[in-house]
Amino acid sequence: MLNAKKKLSGKVIALLCSIAVIITLLIVATATGGVHNIVTCPTCNGSGKYNGDTCFNCEDAKIGIGSIWALLPPIIAIGLALITKEVYSSLFIGILSGAILISDFSPLKSMDVVINAGLTAAVSDTAGIFVFLVELGILVSLVNKAGGSKAFGDWAKTHVKTKVGAALATFVLGILIFIDDYFNCLTVGSVMRPVTDKHKISRSKLSYLIDATAAPICMIAPISSWAAAVVKYVENGDGISLFIAAIPMNFYSILTLVFVIGIILMKFDFGPMRKHEINAENGDLFSGRQIKANDDEANPRGRVWDLVLPIVVLLIASIFALVYVGGFFGVDAWGGTECANDFIKAFGNTDATIALPWGGLIALIFTIIYFAIRKVVVFGEAMKSIPQGFIAMVPAILILTFATALKNVTSELGAAFYVGDLMNHAAAGLKNFLPAIIFLVACVLAFSTGTSWGTFGILIPIVTVMFSPDDPLMVLGVSACLAGAVCGDHCSPISDTTIMSSAGAECEHLNHVSTQIPYAIFVAGVSFVCFIIAGFIPLWYVMMPLSIAIMVGALFVTKIISNKYYAKKELNENKPE
């Protein structure tokens, strides 16, 4: 009881100190006027034009506000989340802090920023993803009622016989679904939960496996929504060729996959993940608050195909919708015809927030009809799945709304201009170290804003200006930018992919964040070393095998050190008083 009181009082003191620091920083930022520092637009270099069109960053204004204070709101939100373990209130305080900075402590204007620029814009920007989330929630509920998940779990008991096999199966499925990270996170989670639960893999580990095969895979797959997004930010129509050239030296994405295979086959974990895995072995899969799963009784007549077929239809329908919206069949969603009959261009022109709800709706209608024909879920029960699926996704939707609102407020403060200006002023004498610097800057920006797409959207135009087209460091710089964007996104509690991974695994969000960060930082450290070396040896056929060798070596060393550390710790704990 006394220890609990001490722990509580410690948390209260930490919270009060945090609030005092936040208020002090907000007052200093406003009083010094640094919040409204004006810089030249780094994307268009003050011309107002990019790639022949109006600059997407400054919208022809040529200048914008940008200072280090723009990174304060996300830092506040992330810091409070880690201290209080309360993600909703932490994100809201981050949004409110940004609104106070924008409005110079004006109460009415602050509320206007929170509601209009923050929350309302967040709902508007992500409405398509909300629809897709709800559709997937309904689909999961239907599959559970039909007995598809239980049948798959029973099948897995006889075919996936070990913990290593269950983890590898999750990894492989994550790789196969490379089209889009949102789709990957939610699909892999719903399919593999019964299998990983059976083999006592913690939900934190499952969410890491999902997250590690979502964005990293999408970032090295030429046909994906991520590749399409990257292509848009490269001048002269060379986007897809530059993206493909950058793949072999996207060290973070590649080494994350190597890391995952390594820890699975070497059968070890470290940091908070080790504790969560030990808890799972003892029957506690959640290591904290259990996310309420669907309690519907499974139909005993369910078959494996009742899970597989809806997922296959969802995959095919989503791919069709992505290229349809992009204009492959003639006219795109915006009335253009330049992508007709060109698969790659259609992917480059698509919008996942429009296309994925298409795919989800088609799969949902098919599944309801299919289950009704099979008489495993009658129509009335199928309709009950609609509110059930929505309720299951409410936590993810709330976090995504607050996280997007925080990104919007951070953008209003000019985070893009500040980071871009910082990059443009990098010393010429550090040219060979620039890829490593770009990697770090991209990590910080993506971590602070929670968006990898926004990060490479800001940095790619700057990177392509920093190097000449025939400079071998051009490709390496783009690789560093994309790798850093994925790394920061991977670590960030306010990243939509991180949120989706938690939702897909039905894992407490902060459990996923706290267990994933040490792994992400480990891979980032190895990647940083590789980018330093590559700055002097920018040859992919040398650096790719070398980076893999460094990662494998680092894993072996870490396993030896961690085994000695935990053995010594256990010995001290068991030593008699």
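Residues numbered from 1 in each chain as written. Predicted model: local features only at pLDDT ≥ 70, side-chain atom pairs only at ≥ 80, totals over all residues. Heavy atoms only, no water.

Draft legend 1. Examining empty space enclosed by the protein more closely. Tallied over the entire structure, the rule returns one cavity of 30 Å³ or more. The space that makes up the largest cavity amounts to roughly 110 Å³. L139, V140, V143, S190 and I311 are the residues nearest the centre of the largest cavity, which is lined by 14 residues in total. Among the residues forming the lining of the largest cavity, the class breakdown is nine nonpolar, four polar and one charged. (1 Å grid on protein atoms, 1.4 Å probe; cavity = no way out; pocket = protein on both sides within 12 Å on 5 of 7 lines; lining within 4 Å. Points joined across faces, edges and corners; volume = space filled by probe spheres on them. Nonpolar A, V, L, I, M, F, W, Y, C, P; charged D, E, K, R; others polar.)

Draft legend 2. Representation of helix 18 (residues 379-412). Helix length check: helix 18, at 34 residues, gives a terminal C-alpha distance of 47 Å against a target of 50 Å (1.5 Å per residue), a fit within 8%. Along its length, helix 18 shows its largest kink, about 45°, at V394, and proline P395 lies within four residues downstream of that point. Backbone geometry just after helix 18 places G414 at a positive phi near 85°. (Helix = DSSP H or I, 4+ residues; strand = E, 2+ residues; numbered from the N terminus. Expected span 1.5 Å × (residues − 1). Bend = angle between axes of the 7 residues up to and from the residue.)

Draft legend 3. Representation of the packing of aromatic side chains in the model. Within the structure shown, the criterion is met by 18 aromatic pairs. With centroids separated by 4.8 Å and ring planes inclined at 55°, the aromatic side chains of F270 and Y519 adopt a geometry described as tilted. Of this pair, F270 sits in the loop between helix 13 (251-265) and helix 14 (272-281) while Y519 sits in helix 24 (residues 509-534), placing them 249 residues apart in sequence. The exposure classification of F270 matches that of Y519, with both residues buried. Here the aromatic residues Y208, F259, F268, F270, Y519 and F522 are joined through ring pairs into a cluster of three or more. A cation sits over an aromatic face here: R274 above Y566, 3.8 Å from the ring centre. (Phe/Tyr/Trp six-rings, centres within 6.5 Å; stacked < 30°, edge-to-face > 60°. Buried < 20%, exposed > 50% of the residue type's maximum accessible area, 1.4 Å probe, protein only. Lys NZ or Arg CZ within 6 Å of the ring centre and 35° of its normal.)

Draft legend 4. Spotlight on the packing of helix 20 (residues 434-449) against helix 22 (residues 472-491). At a closest axis distance of 7 Å, the pairing of helix 20 and helix 22 adopts a crossing angle of 30°. The pairing of helix 20 with helix 22 is recorded here as roughly parallel in orientation. For the crossing formed where helix 20 meets helix 22, the hand is right-handed. Across the interface between the two elements, P435, I438, F439, A442, C443, A446 and F447 from helix 20 touch L473, L476, G477, A480, C481, A483, G484, A485, C487, G488, D489 and C491 from helix 22. In terms of residue class, the contact of helix 20 with helix 22 is made up of 15 nonpolar, three polar and one charged. (Axes fitted to C-alpha atoms, helices over the stretch in contact; angles between N-to-C directions. Parallel < 35°, antiparallel > 145°, perpendicular 65-115°, else oblique. Left-handed = near helix turned anticlockwise from the far one by under 90°. Contact = heavy atoms within 4.5 Å.)

Draft legend 5. Main features of a nonpolar patch on the surface. Judged by side-chain polarity, L430, F433, F536, I537, L539, W540, Y541 and V542 come together as a nonpolar surface patch covering roughly 730 Å² of accessible area. The topology assignment puts V542 in helix 25 (residues 540-574). (Patch = residues over 30% accessible without salt bridge, like charges linked within 9 Å, V, L, I, M, F, W, Y side chains within 5 Å. Areas by Shrake-Rupley, 256 points an atom, 1.4 Å probe, with all protein chains shown as cover. Salt bridge = Lys/Arg side-chain N within 4 Å of Asp/Glu carboxyl O.)

Draft legend 6. Looking closely at the side chain of T558. Considering the arrangement of structural elements, one finds T558 in helix 25. Here the side chain of T558 touches A554 through a polar contact of 2.7 Å, landing on its backbone oxygen. With near-sequence residues (within four places) excluded, T558 lies in contact with F268, F270 and F522. (Polar contact = N/O pair within 3.5 Å; in protein donor to acceptor, adjacent residues only side chain to side chain.)

Draft legend 7. Molecular detail of the pattern of salt bridges. This structure, assessed with the given rule, holds nine salt bridges. Note that K163 and E281 form a salt bridge whose closest N and O atoms lie 2.9 Å from each other. Placement of K163 in helix 7 (residues 163-176) and of E281 in helix 14 is noted, with a sequence separation of 118 residues between them. On the basis of relative accessible area, E281 is assigned to the partly exposed category, the value being 39%. Close ionic contact of E381 with K384 constitutes a salt bridge, the shortest N to O distance being 3.2 Å. Taken together, the residues span about one helical turn, with E381 and K384 both in helix 18 at a distance of three residues. For E381, a relative accessible area of 31% corresponds to the partly exposed category. A residue is classified by how much of its surface remains accessible, and K384, at 46% relative accessible area, is partly exposed.

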